[in-house]
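Survey of secondary and tertiary structure
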Amino acid sequence: MSRVSLEIGSIAPNFEGYTTSGPLKFHQWAGESWSIVFTHPDIEQRRIKIIGLSRNWPDESSHWTKLLQHYNRHPGSGRDVQIIADDQGKLSSLYGMLSQRDSNGVASNPNTVFLVDPMKNIRLVMSYPFFLSTGLTQILRFVDDNSGPLQDIPTHIFGLDAQGRGQIYDQAEISSRGGADSATVVKSAVDLVSNVEGTNVEGTTGSDGSSNTTVAATDYIQHAMSVMDSLADLGKVVPFVAPAFAIIKAIIAVEQRARDVDVKCTDLVQRVTFMLSHLPALKKIDVTNSTRQVIDRMNDTLKKSAALIQTYRKQSSIARRLSVHNKDRFTSCASLLSQCTNDLMISLQIHQSTQLDILTRPVPFDLEDEAATKFVATHGGIDAVKGNEALVKQFASEMKLTVDENVMEQLNTNISVVLQQNQDRLEQSLNESVSASVIEGIRGLAAQMNESAKEQTFVCVQCDKEYKESTSGEKSCSFHRTEYDSWSKSYRCCGSANPCQAGRHRSEHHDQYPYGNFFVFARNITGYTDTTEKWTELEDSNLETSKKMTVSVARLLRWKSRGAQPELPTVLIRVGSVSISEPYLFRTYNTKDLEVITKVVDITHQTVIFRTSHSEQEFAMAEWVLSAAGVIIGVKITAKSATSFDPFIQVCPIDITSCTLSGDVRSLSEGGLRSYKPSTPYVLPDIQRVSATIHEDAPREVRKDFKTRTTPNLPIVMKPVSDPPLVANPQYANPETDYFAGTISVFNKHKASSMEPISIASVAAFYRLVGEEKYQPVKSVELLDGITLPYSIDPRQTLTLQFGVTVPRSEDDVKVGTRWWNRAFVARQRPLRIKLVLTDIDEEECSLVLDYVCPVSNWEKADKEDLAYFYVDDLLTWKRYGVHIAKDSRMGPGSVKIGNESRGADWMKTIVYKALKTGESEIVLDIGADNDKGMPTAWSWKTWALVDLSCRRLYAFKILLTKSHGTAQSYACMGYVKCPDYGGFYEESRPIRYAKEVIKFPELKPYVPSRILLDDEFDNFVSSEALKPTVASSMTQSAIPDEVLQRLVSIDNSLSRLAISIELLVEIMKTK
């Protein structure tokens, strides 16, 4: 027969067999208890059921019966300890417990012990008998650490029907069951307290260092159990007291497992018992909302008491004593119990003037506590002791206590955190127990489906692997806490390719802990617009850390974009953001879920769905809203950051039968950092500016009236053809020069019959700025369109001459390094003149002046959308340096854009919060720039926020621009602009308190503009008299007519030019 191997996390196989008590089915017999194969008094204290497999049933059955009789038990009475017949070895084989023997017949494997939890999962596997002596303690510790505080509470105690509703109270039925009335229970509680107080409340110290009390003090557990029984009967007809039953049950379980008696725990249990002993009076009164509220407060106090006892009991003896603040915690809890008891008695109309000293007596303080207090005080306080292991061992030696290996860890653990964690687990267990009770009516169907589902194959949403329920253990699934990052090619949770987390396989997505696939699942829902119908959302930002508290309620339309719809109407509730490090809720509830939750909430009155933090200063939370009949009618959501004075609170009404919005969302509180309305409008200072002014319009028109200057021997007329005559930098820009281009016509005035062409031998160019009295040579001049000199122009003909001229800049202008297209930097302030000089082959010259006026730039100005535009002008660089301030609707109402920086309402609230915290009302911002450092174009600007500390509002921005040139004139501009309305306002108005400004306008010498000459008469020219011929005096006296003489002179000049041209042409041909 093959040996079966069962691993931790496996489902313990079910089986049937015969015991001394009769037939037995293992799973049915184990019920909701832990189970094991051996017995021990400490095991029975924990209500563990033990079953042994017997391979020799006839002999061992008889022996077992004798043992029961010896210990005053009758056959069949030991129902929690059973020996089952396994003569054929089928059950041993089922659990893999058959020993294999070697060739000598010696067993090679020891027998095995299985510890099975209430869910029938194998939680611990140990060998027997080799390790039993040490293993028993290990088993007990494992059960204590892994048992939920309410795990062994049977669900039937709530007395609910198949619909999850409590039965109607029937006084006759209760009487027939013999239930104790309120007076009887209270009297028993008072008598017990009196007996205990009459002995020795403070206790004595035994020889082993443990705390002892009289035997009578141990009766407090028995009496607590009797009060618990009375609550069980009461819970069947008044379901909302069921949580009190469950909590006292948990307290009793902790005290029963305790290995010593502690006077503080005893005292607290007695106070709890006394308070709960009054509850049977609920049968005699009409339960009102105020009564329910008192019961709810009582349940909260009970949870704190149970959490304190559980936390305290888990500490070692040394950690309990040295944690000197434990007594303060018990005192605080006792005070709460006293207040609740008084409120409960008033609500239940119980009038009792005696035996109330249990509420007023001090919390007992035993000798060990007193010794620990003195020891801590002597050795420098609790911080010094808990950080020094040698001191801890010294105390243990003095008190004759054994040092546990975990004592240092316990001493340095934050007890407040542990208390809260225990209380959270208690609430979770309580809700789970009540939920189990509500769905009791469908358990039969679930049980039938369970057998077939065991072998059904599922796909795990955590690891994407197939699994079966029968093989899904606590560590069966391996997964990463985050999704794979394709950019870094790793998992951000651990940086390793191997999964870093383990747990049970899950077939449906959940938010109980982060796993990689859940981020994808959540993003498929939240990342699209067609997946949800958002009903309401709150967000509050921490103005110091930028952490956001978010909560929302929506209807789920699809599981992913364009994907399938939910089978049932479904609501999505989100609290916090899906994160690997922060707590969050991302959960869906369909109509069936809400039907069950309604019943659970009505019983437990635990309306909180989820809360990100227990801190009252910063949290996000969702709660169920109940009707007077206890039905869920909405969700209340709350968001509050630590920097907000009030929380945001809204109520979203829903119909749980259809998962639809049943009304308008109501706002109960507006949180965040809200402003008060100013009693009068804000008045801001005027703009201050020291700056040059660049003309924004053309200073004048371009002159085109210049005449040709020539000699009588060179009858030429030159005129500009291009309009304007000159254009600057049309294709290229150079930081050291400016390039001018233009076109002129050159006309030969000789008569057509004269046969006198004009030969242009060279072209030169000169420039000057208006106001200067001397022309300077240009850097270069060139003729365009392929014109080659010399070039002859026939009489009465015109040459169109295209040219380009390069004008150098001054040394200061070159340092600026500006590149301009279609404008000349050299002529930015004053017009420029270009004089073209043509020389013929006789070295006769003619010239024409061309005027250039720099076109006006499209200077930057305030845009239509601007709130303001602040600037300075600089004549050296001929630039305007400015900053725009405008609204930015893309970031929401009240947002502003300063320069290129956009800021929203949350940012503005952060500034106000900083001002309120520091008391400074002028806040320097990280908005500004230092541009072009070390260059002539260098300039800077900064921004300040002005805060009204009275109205708690950022009311204006202050901008300061500066532009300097070393020792030269410096410029500056300071302007103010009102901040747009942002965030919410209180209705209350307050007087304005203007900011105390520290930053002032810099002290600069005023700018005095110099006179700029835009035109002069230097190039003005009136043409000379008509050209006259000059002839020798001897010839003038001859009888040759003047007309003939003029003709001869003209022919002579023409021949002379022709000869020179031929000579030049011969020289050119020789060079080629």
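Bear in mind the structure is a predicted one, so any value in this text is a computation, not a measurement. (Residues numbered from 1 in each chain as written. Predicted model: local features only at pLDDT ≥ 70, side-chain atom pairs only at ≥ 80, totals over all residues. Heavy atoms only, no water.)

Thoughts on the environment of Thr604
Structurally, the position occupied by Thr604 is in helix H22 (residues 591-604). On the basis of relative accessibility, which here comes to 1%, the residue Thr604 falls in the buried class. It is 9.5 Å that separates the C-alpha atoms of Thr604 and Glu427, two residues lying 177 residues apart in sequence. (Helix = DSSP H or I, 4+ residues; strand = E, 2+ residues; numbered from the N terminus. Buried < 20%, exposed > 50% of the residue type's maximum accessible area, 1.4 Å probe, protein only.)

Overview of helix H13 (residues 326-347)
Look at H13: 32 Å from first C-alpha to last across 22 residues, which is about the 32 Å you get at 1.5 Å a residue. Of the residues making up H13, those classed as buried are Asn326, Phe330, Cys333, Ala334, Leu337, Ser338, Cys340, Thr341, Leu344, Met345 and Ser347. Tucked inside the fold, the buried residues of H13 contact helix H10 (263-276), helix H11 (289-314), helix H12 (317-322) and helix H14 (357-360). Positive phi appears at Gln349, one or two residues downstream of H13, with a value of about 60 degrees. (Expected span 1.5 Å × (residues − 1). Contact = heavy atoms within 4.5 Å.)

Focus on the packing of H10 against H13
Interhelical geometry of H10 versus H13 gives an angle of 10 degrees and a closest axis separation of 10 Å. In terms of their interaxial angle, H10 and H13 are classed as roughly parallel. Packed against H10, whose contacting residues are Lys264, Cys265, Leu268, Arg271, Val272, Phe274 and Met275, the element H13 presents Lys327, Phe330, Cys333, Ala334, Leu337, Ser338, Cys340, Thr341 and Leu344 at the interface. Residue classes in the contact of H10 with H13 are distributed as 11 nonpolar, 2 polar and 3 charged. (Axes fitted to C-alpha atoms, helices over the stretch in contact; angles between N-to-C directions. Parallel < 35°, antiparallel > 145°, perpendicular 65-115°, else oblique. Nonpolar A, V, L, I, M, F, W, Y, C, P; charged D, E, K, R; others polar.)

Considerations on the pattern of salt bridges
Evaluated as defined, the whole model comprises 48 salt bridges. Note that Lys374 and Glu370 form a salt bridge whose closest N and O atoms lie 3.6 Å from each other. Separated by 4 residues within a single helix, Lys374 and Glu370 lie in helix H15 (residues 367-378), roughly one turn from each other. Across the salt bridge formed by Arg523 and Glu483, the nearest N and O atoms sit 2.8 Å from each other. With Arg523 in helix H21 (residues 516-526) and Glu483 in the loop between strand E12 (477-479) and strand E13 (484-485), this pair connects stretches of sequence that are 40 residues apart. Residues joined by salt bridges that share partners form a network here, namely Arg700, Arg703, Asp705, Arg768, Arg833, Asp851, Asp1015, Asp1016 and Asp1019. (Salt bridge = Lys/Arg side-chain N within 4 Å of Asp/Glu carboxyl O.)

Notes on the confidence of the model for the protein chain
Of all residues in the protein chain, 76% have pLDDT values of 70 or greater, and the mean over the chain is 80. Every residue in residues 71-78 is under pLDDT 50, and counting partners more than four places away or in other chains gives 8 contacts. For residues 128-135, every residue scores under 50 in pLDDT, and the model assigns this stretch 7 contacts once sequence neighbours within four places are set aside. (pLDDT = per-residue confidence, 0-100.)

Thoughts on the packing of helix H9 (residues 242-257) against H11
The contact between H9 and H11 brings their axes to 10 Å, and the two run at 15 degrees. Considered as vectors, H9 and H11 are oriented roughly parallel to each other. By crossing handedness, the relation of H9 to H11 is classed as left-handed. For the pair formed by H9 and H11, the contact residues are Pro243, Ala244, Ile247, Ile251, Val254 and Glu255 on the first element and Met298, Asn299, Leu302, Lys303, Ala306, Ile309, Gln310 and Arg313 on the second. Considered class by class, the residues forming the contact of H9 with H11 number 9 nonpolar, 2 polar and 3 charged. (Left-handed = near helix turned anticlockwise from the far one by under 90°.)

So, the nonpolar core
Membership of the largest hydrophobic core comes to 75 residues, with the highest contact counts inside it found for Phe740, Ile744, Leu832, Ile885, Ile898, Leu954 and Phe957. With 7 residues, the top contributor of residues to this core is helix H24 (residues 905-918). Sequence-distant contacts of Ile898, defined by excluding residues within four places in its chain, comprise Val883, His884, Ile885, Ile927, Trp941, Thr943, Phe957 and Ile959. Ranked by size, the runner-up nonpolar core spans 48 residues in total, among them Met228, Cys265, Val269 and Ile309. (Core = buried A, V, L, I, M, F, W, Y, C linked by side-chain atoms within 4.5 Å.)

Notes on the sheet that holds strand E17 (residues 548-556)
Pairing between the strands of a sheet is mediated by backbone hydrogen bonds and can be parallel or antiparallel. Strand order in this open sheet of 4 strands is E16-E17-E18-E19, and the pairing throughout is antiparallel. At either end of the open sheet lies a strand with only one pairing partner, and these are strand E16 (532-541) and strand E19 (585-590). Pairs of neighbouring strands in the sheet enclose a mean axial angle of 10 degrees, with direction left out of account. Note: strand E18 (residues 570-575) against E19, 6 bridges, orientation antiparallel. Bridge pairing in E19 links Thr570 to Asn590. Sheet strands touched by H21: E16, E17, E18 and E19. Its angle to E19, the strand with the most contacts, is close to 65 degrees. (Pairing = 2+ DSSP bridges.)

Regarding H22
Helix length check: H22, at 14 residues, gives a terminal C-alpha distance of 20 Å against a target of 20 Å (1.5 Å per residue), a fit within 8%. N-capping of H22 is provided by Asn590, with a side-chain oxygen placed 3.1 Å from the backbone N of Lys592. Positive backbone phi, at 60 degrees, marks His605, one or two positions downstream of H22. (Polar contact = N/O pair within 3.5 Å; in protein donor to acceptor, adjacent residues only side chain to side chain.)

A short note on the packing of aromatic side chains
Geometry of an aromatic ring pair is reported as the spacing of the ring centres plus the angle between the planes. This model, assessed by the stated rule, comprises 26 aromatic pairs. Between Phe518 and Tyr584, the aromatic rings sit 6.1 Å apart at their centres with planes inclined by 25 degrees, giving stacked as the arrangement. A residue pair is termed long-range when its members are at least 10 positions apart, and Phe518 in helix H21 and Tyr584 in the loop between E18 and E19 qualify at 66 residues. For the pair Phe518 and Tyr584, a shared accessibility class is recorded, and that class is buried. Plain terms: the ring middles of Tyr682 and Tyr955 are 4.7 Å apart, the flat faces sit at 5 degrees to each other, and that makes the pair stacked. Taken together, the positions of Tyr682 in the loop between strand E26 (675-678) and strand E27 (688-690) and Tyr955 in strand E44 (residues 953-963) put the pair 273 residues apart, joining distant regions of the chain. Classification of Tyr955 as buried rests on a relative accessible area of 4%. Joined through ring pairs, the aromatic side chains of Phe479, Tyr513, Tyr515, Phe518, Phe521, Trp559, Tyr584 and Phe586 make up one cluster. (Phe/Tyr/Trp six-rings, centres within 6.5 Å; stacked < 30°, edge-to-face > 60°.)

Details of a nonpolar patch on the surface
On the surface, a cluster of nonpolar side chains totalling about 440 Å² of accessible area is made up of Ile1051, Leu1055, Leu1058, Ile1062 and Val1066. Tracing the sequence through the fold places Leu1055 in helix H26 (residues 1042-1071). Judged by its relative accessible area of 53%, Leu1055 is exposed. (Patch = residues over 30% accessible without salt bridge, like charges linked within 9 Å, V, L, I, M, F, W, Y side chains within 5 Å. Areas by Shrake-Rupley, 256 points an atom, 1.4 Å probe, with all protein chains shown as cover.)

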